[in-house]
Amino acid sequence: PNITSATATVTVQSAGTITLPANVTVAPGTSVPYAVTLSAPAPASGVTVALVSSNPSTVSIAPASVIIAANATQPTTLPQVTGVAFGSATIGSSAGYTSDTETVTVNASLSFSPSTYTLTGPNTENLTLTLSAPAPSAISVTISSSPTGVVTVPPTVTIAQGATTATVPVVGVSPGTTTITANAG
């Protein structure tokens, strides 16, 4: 037949973008809400956003997917990221929208109690080294003093799995002032 063909150009645009929170930090053994946000309200059918951790043994996310209802930009209940072990992992999202990937870091801090102390003579006193969250596994902490020669300290102490403290014996050697440092890195 003498019928000319027809063409049409179709462009498929993203329905929008998924945004995840940046620079989230969580302590081991704790969970925090993790906002999943669409750049525009969800269509009438709603949107299911899949979420995945690049390293679930460091950071987990639950649930693995959330539903964002029609005309909403966030799910009714936010998913939770949980620190499992020290380190970091990326959380990825997908749903037919432009996806987002953000890093979640699991960390804690160390502190001494008391933070200042005066020893008299060659006595031994104990400082308490405290980790800000329970240790997910035993942690070896290097102890040092600077300048040296004022006190002696053990080269390392261990904070047991599930514990938050270790005792650091400090022995006075000669008059002076020194700074005691604990380093788990």
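About the thresholds
Every residue gets a number counted from 1 within its own chain, in the order that chain's sequence is written. Residue-level local features of this predicted model are given only where pLDDT is at least 70; pairs of side-chain atoms are given and counted only at 80 or more, and the full residue set underlies all totals for whole chains, interfaces and linings. With hydrogens and water stripped out, all remaining heavy atoms of the structure feed into the side-chain values. Counting from the N terminus, the helices are DSSP H or I runs at least four residues long and the strands are E runs at least two residues long. All radius of gyration figures rest on C-alpha atoms, and the globule criterion is 2.2 Å times the number of residues raised to 0.38. What makes two residues a contact is simply this: any of their non-hydrogen atoms within 4.5 Å. To be clear on the numbers: accessible area is Shrake-Rupley with a 1.4 Å probe, and residue cover counts the displayed protein chains and nothing else. Should DSSP find at least two bridges between two strands, the strands are taken to pair. Lines fitted to C-alpha atoms define the axes here, with helix axes fitted over just the stretch in contact, and angles between the N-to-C directions of these axes take values from 0 to 180 degrees.

Undergrad: How would you sum up the overall build of the protein? Please name residues and give values.
TA: Scanning the protein from N- to C-terminus turns up zero helices and 17 strands. Taking 16 Å as the expected radius of gyration for a compact globule of 185 residues, we find that the protein reaches 27 Å, considerably beyond that expectation. Dimensions of the protein, computed from C-alpha atoms along their principal axes, come out at roughly 110 × 30 × 25 Å. Long-range pairs, those at least 24 residues apart, make up 60% of the contacts in the protein between residues at least 6 apart in sequence. As presented, the protein carries roughly 10,400 Å² of accessible surface, and 53% of it is formed by carbon and sulfur atoms.

Undergrad: Lay out the sheet that holds strand β15 (residues 156-159) with the relevant residues and their values.
TA: One open sheet holds the three strands; their spatial order is β15-β13-β17, and the pairing between them is antiparallel. Every other strand in the sheet has two partners, leaving β15 and β17 (179-183) as the edge strands with one partner each. Pairs of neighbouring strands in the sheet enclose a mean axial angle of 30 degrees, with direction left out of account.

Undergrad: I'd love a proper account of the sheet that holds strand β6 (residues 59-62), names of residues and values included.
TA: Spatial ordering of the open sheet is given by β3-β8-β6, a layout of three strands whose pairing is antiparallel. At either margin of the open sheet sits one strand with a lone partner, and together these are β3 (31-33) and β6. On average, each strand axis in the sheet is tilted by 25 degrees relative to the strand beside it, whichever way the strands run. In this structure, β6 lies alongside strand β8 (residues 80-83), joined through four bridges in antiparallel fashion. Bridge pairing in β8 links I61 to V81.

Undergrad: Could you give me a rundown of the environment of T152, with the residues and numbers involved?
TA: Mapped onto the secondary structure, T152 falls in strand β14 (residues 151-152). Separated by 87 residues in sequence, T152 and S65 place their C-alpha atoms 53 Å apart. Every residue in contact with T152, bar those within four places of it in the chain, is listed here: P169, V170, V171 and V173.

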